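What follows is each chain in one-letter form.
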Amino acid sequence: MPILSREQPEPSRAELHKARRMAESFGADAQRYDQARPGYPDALVARIVTGSPGPEVLDVGCGTGIAVRQFQAAGCAVLGVEPDERMAKFARAHGLQVEVATFEAWKPAGRTFDTVIAAQSWHWVDPVAGAVKAARALRPDGRLAIFGHVYEPPDEVAEPFAAAYRRVVPDSPFSNQPARRPLGMYQAGYAKFADAIRQTERFNDPEQWRFDWERSYTRDQWLELLPTTGGLTQLSPDKTAAILDAVGAAIDSIGGRFTMLYTTLATTAVRAGTS
């Protein structure tokens, strides 16, 4: 789909981490974001936790705390770093510990962690500077884990969305993108994360993980999620409504629900050295 969600790297924009307006648009409706966005595969969380030296986790760009809660449920103590005060406020209201800052500007104040995660957020971080800072924040043998979802609705939903988006927002750079993009495009983005990690010379060789799963969406569930994606978060209410009407009609025409095939990709590496 020609949208940029919080988690999806946009390969054509090499310096996406500088696009602060887009990065900070997701907190416009933090409650909707938290309710509509999916969590992460339990197998991914378990693999990160068991492959880390201890339970203390730093979550970079924690948002409303979707990943935080999953890692807490797995027995971890989690500190979140989040640049959007609205997202951080929501997370704090639900009992999570969050400090407001971009990761590049965040002050560790001598604290170190067993794991640094970035759930759907690393493409908003300077890739090399971020990896260097993650290494400094990690204890010996600590793990950096960068992960996020790739999702593409079926053609019957994706094509009407793309057509409506081109009609309603013809001048947007997203209007020129195809309705569906190959998984390989996103895998290339995660490979670039690995290349940036290697450049720091502070980690063992990165690994690439993949988890495939699916989720069924009703019309209302999908229309609740769509406004939390980057292609829509900055649109006026009337333009958003026009796009949602078109997508809703498309879902109605196929029976009012569809199955989404998800792939969750991860780039992960263990900090090298013993001190």
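About the thresholds
- Residue positions are given per chain, counted from 1 along the sequence in the order it is written.
- With pLDDT at 70 or above as the cut-off, local features in this predicted model cover only qualifying residues; side-chain atom pairs require 80 or more to be listed or tallied, and sums for whole chains, interfaces and linings still use all residues.
- Side-chain figures throughout are based on the complete set of non-hydrogen atoms in the structure, without hydrogens or water.
- Relative accessible area decides the class of each residue, using a 1.4 Å probe on protein chains only: under 20% of the type maximum gives buried, over 50% gives exposed, and in between gives partly exposed.
- Every helix listed is a DSSP run of H or I at least four residues long, and every strand listed is a run of E at least two residues long, numbered separately from the N terminus.
- A strand pair is defined by DSSP finding two or more bridges across the two strands.
- Here the term right-handed applies to a crossover when the path leading from its first strand over the helix to its second strand runs clockwise, the strands being oriented away from the viewer.
- The predictor reports its confidence for every residue as pLDDT, a score running from 0 up to 100.
- By the convention used here, residues are in contact when the closest approach between their heavy atoms is within 4.5 Å.
- Each aromatic pair joins two rings of Phe, Tyr and Trp (for Trp, the six-membered one) with centres within 6.5 Å, and gets the label stacked for planes under 30 degrees apart, edge-to-face for over 60, and tilted for any other angle.

**Student:** Would you take a moment to explain the pairing of strand E2 (residues 77-82) for this structure?
**Tutor:** Looking down a regular strand, the side chains alternate between one sheet face and the other. With 5 of 6 residues buried, E2 lies mostly within the body of the structure. Pairing between strand E1 (residues 56-60) and E2: 5 bridges, direction parallel. In the sheet register, Val 57 faces E2, and the bridge partner there is Val 78. For the segment spanning E1, helix H4 (residues 66-73) and E2, crossover handedness is right-handed. Taken together, the 4 bridges between E2 and strand E3 (residues 97-100) define a ladder with parallel strand orientation. The residue of E3 that forms the bridge with Gly 80 is Val 98.

**Student:** It is not clear to me how unusual backbone geometry should be interpreted in this structure. Could you clarify?
**Tutor:** Of all residues except glycine, most have a negative phi; of all peptide bonds, most are trans. Residues other than glycine seldom take positive phi values, yet Gln 120 does so here, at roughly 65°. Residue position: Gln 120 is located in the loop between strand E4 (113-119) and helix H6 (127-137). With a relative accessible area of 3%, Gln 120 lands in the buried category. For Asp 141, which is not glycine, the phi dihedral falls at a positive 70°. Looking at the secondary structure, you find Asp 141 in strand E5 (residues 138-152).

**Student:** Got a minute to help me understand the confidence of the model for the chain in this structure?
**Tutor:** Low pLDDT means the predicted coordinates in that region are not meant to be read closely. Residues with a pLDDT of 70 or more make up 86% of the chain, whose mean pLDDT is 88. Here residues 1-14 scores under 50 on pLDDT; set against residues more than four positions off or in separate chains, the count is 78 contacts. Ignoring residues within four places in sequence, the model shows residues 16-20, a span with pLDDT below 50, making 14 contacts including any to other chains.

**Student:** Is there a simple way to think about the packing of aromatic side chains in this case?
**Tutor:** Two measures describe an aromatic ring pair: the distance that separates the ring centres and the angle between the ring planes. Under the criterion given, the structure shown has 13 aromatic pairs. Each ring, one from Tyr 151 and one from Trp 222, has its centre 6.1 Å from the other, and the planes form 90°; the classification is edge-to-face. Residue Tyr 151 is located in strand E5, and its partner Trp 222 is located in helix H9 (residues 219-225); the two are separated by 71 residues in the primary sequence. Here Tyr 151 matches Trp 222 in class, with each residue buried. Ring pairs connect the aromatic residues Tyr 151, Trp 213, Tyr 217, Trp 222, Phe 258 and Tyr 262, which therefore count as one cluster.

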